[in-house]
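For reference, the chains in residue letters:
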Amino acid sequence: MADQDLHTRESRRVVERLTGAGWELAEEAARLGRAALVYDNGRAFDERELSLHLLSPDGRAVAFFPVYGGSLEGTLDAIVRFQDRVSPEDFHGMAEAVVAACPEACLQEGEDDEPRLLTLG
């Protein structure tokens, strides 16, 4: 129980400190039960990137980062085509379709995994 108390205190401190500096709670923060925050300084990232996170009930997580550049509509079309059947266990079809539609995409399986660049083939 002490570990959970520490985690709760640290999460509160993260939220307190970052919201005080202009960060905002992400819409999904309450649903995820996490200190999910966002900040945009208007110039830090010019990659034109999306961030998709798949979370399974058993705690598996897959993060997918398509850098769509000038291919926003094609990237969105690929995501929408797979949205009702994608899962953390079977996301490769969506990933391949998105990679085909956008110039660059990275995938991260698990929180401790390093993101890796995806390519076709």
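In case you missed it, the structure is sitting above this.
Positions within a chain are numbered from 1, following the residues in the order the chain's sequence is written. A pLDDT threshold of at least 70 governs which residues receive local features in this predicted model, and a stricter bar of 80 or more applies before side-chain atom pairs are shown or counted, although totals over entire chains, interfaces and linings include all residues. Just so you know, side-chain values use all the structure's heavy atoms and leave hydrogens and water out.

## Overview of the pairing of strand 4 (residues 61-67)
And then number 1: When a residue's accessible area, from a 1.4 Å probe over protein chains only, is under 20% of the maximum for its type it is buried; when over 50% it is exposed; and in between it is partly exposed. Secondary structure follows DSSP: runs of H or I at least 4 residues long count as helices, runs of E at least 2 residues long count as strands, and numbering of each begins at the N terminus. Counting buried positions along strand 4 yields six of seven residues, so the element is predominantly enclosed.
And then number 2: Sheet topology places strand 3 (residues 52-55) next to strand 4; four bridges connect them, and they run antiparallel. Residue L54 lies in a different strand from strand 4, and its bridge partner there is V62.
And then number 3: Counted between consecutive antiparallel strands, the loop separating strand 3 from strand 4 contains five residues, among which G59 sits at a positive phi close to 100°.
And then number 4: In terms of strand pairing, strand 4 meets strand 5 (residues 104-109) through six bridges, oriented antiparallel. Residue pairing across strands places F64 opposite L107, the latter belonging to strand 5. Strands were regarded as paired on the criterion that DSSP finds at least two bridges between them.

## Some thoughts on the pairing of strand 5
Here is the key point about a regular strand: its side chains alternate between the two faces of the sheet.
And then number 1: As paired strands, strand 5 and strand 6 (residues 116-118) are joined by three bridges and run antiparallel to one another. Bridge assignment links C106 to a residue of strand 6, and that residue is L117.

## Topic: the pattern of salt bridges
Charged atoms that come close allow side chains of opposite charge to pair.
And then number 1: The working definition used for a salt bridge is a side-chain nitrogen of Lys or Arg within 4 Å of a carboxyl oxygen of Asp or Glu. The tally for this structure, following the rule as stated, stands at two salt bridges.
And then number 2: E16 is the partner of R13 in a salt bridge, and the nearest nitrogen-oxygen pair spans 2.5 Å. Highlighted residues: R13 and E16, both in helix 1 (residues 2-20), separated by three residues, approximately one helical turn.
And then number 3: Note on E16: relative accessible area 52%, which makes it exposed.
And then number 4: Measuring nitrogen to oxygen at the nearest pair gives 3.1 Å for the salt bridge that ties E109 to R116.

## A closer look at the side chain of Q108
And then number 1: Summarising the element assignment, Q108 is placed in strand 5.
And then number 2: The class of Q108 is buried, set by a relative accessible area of 16%.

## Considering the sheet that holds strand 4
And then number 1: Taken in spatial order, the four strands of this open sheet run 3-4-5-6, and their pairing is antiparallel. Each of the sheet's edge strands pairs with one partner strand only, and the pair in question is strand 3 and strand 6. Strand-to-strand twist across the sheet, computed as the mean angle between neighbouring axes with direction ignored, equals 25°.
And then number 2: Note on contacts: a residue pair qualifies if any of its non-hydrogen atoms lie within 4.5 Å across the two residues. Every axis corresponds to a line fitted to the C-alpha atoms, with the helix fit spanning only the stretch in contact, and the corresponding angles, defined between N-to-C directions, vary from 0 to 180 degrees. Packing of helix 4 (residues 92-101) onto the sheet brings it into contact with strand 3, strand 4, strand 5 and strand 6, and relative to strand 4 it is tilted by some 10°.

## Looking at the environment of F82
And then number 1: Its location among the elements puts F82 in helix 3 (residues 72-82).
And then number 2: According to the relative accessible area criterion, F82 is buried, its value standing at 17%.
And then number 3: With sequence-adjacent residues up to four places away left out, F82 is seen in contact with G93, M94 and A97.

## Observations regarding the packing of aromatic side chains
And then number 1: Aromatic contacts are taken between Phe, Tyr and Trp rings whose centres are within 6.5 Å, Trp giving its six-membered ring; a plane angle under 30 degrees counts as stacked, one over 60 as edge-to-face, and the others as tilted. Per the stated rule, a full pass over the model turns up zero aromatic pairs.
And then number 2: Look at NZ for Lys and CZ for Arg. If either is within 6 Å of the ring centre and within 35 degrees of the ring normal, a charge sits over the ring. Above the plane of the ring of F82 lies R85, whose end atom (NZ or CZ) is 4.3 Å from the centre.

## Some points on the nonpolar core
And then number 1: Here, nonpolar core means buried Ala, Val, Leu, Ile, Met, Phe, Trp, Tyr and Cys residues that are tied together by side-chain atoms lying within 4.5 Å of each other. In this structure, F64, V98, L107 and L118 are the most contacted members of the largest nonpolar core, which totals 17 residues.
And then number 2: Of all the secondary structure elements, the ones that give two or more residues to this core are strand 4, helix 3, helix 4 and strand 5.
And then number 3: With five residues, the top contributor of residues to this core is helix 4.
And then number 4: Excluding residues that lie within four positions of it along the chain, L107 makes contacts with V62, A63, F64, F91, E114, P115, R116 and L118.

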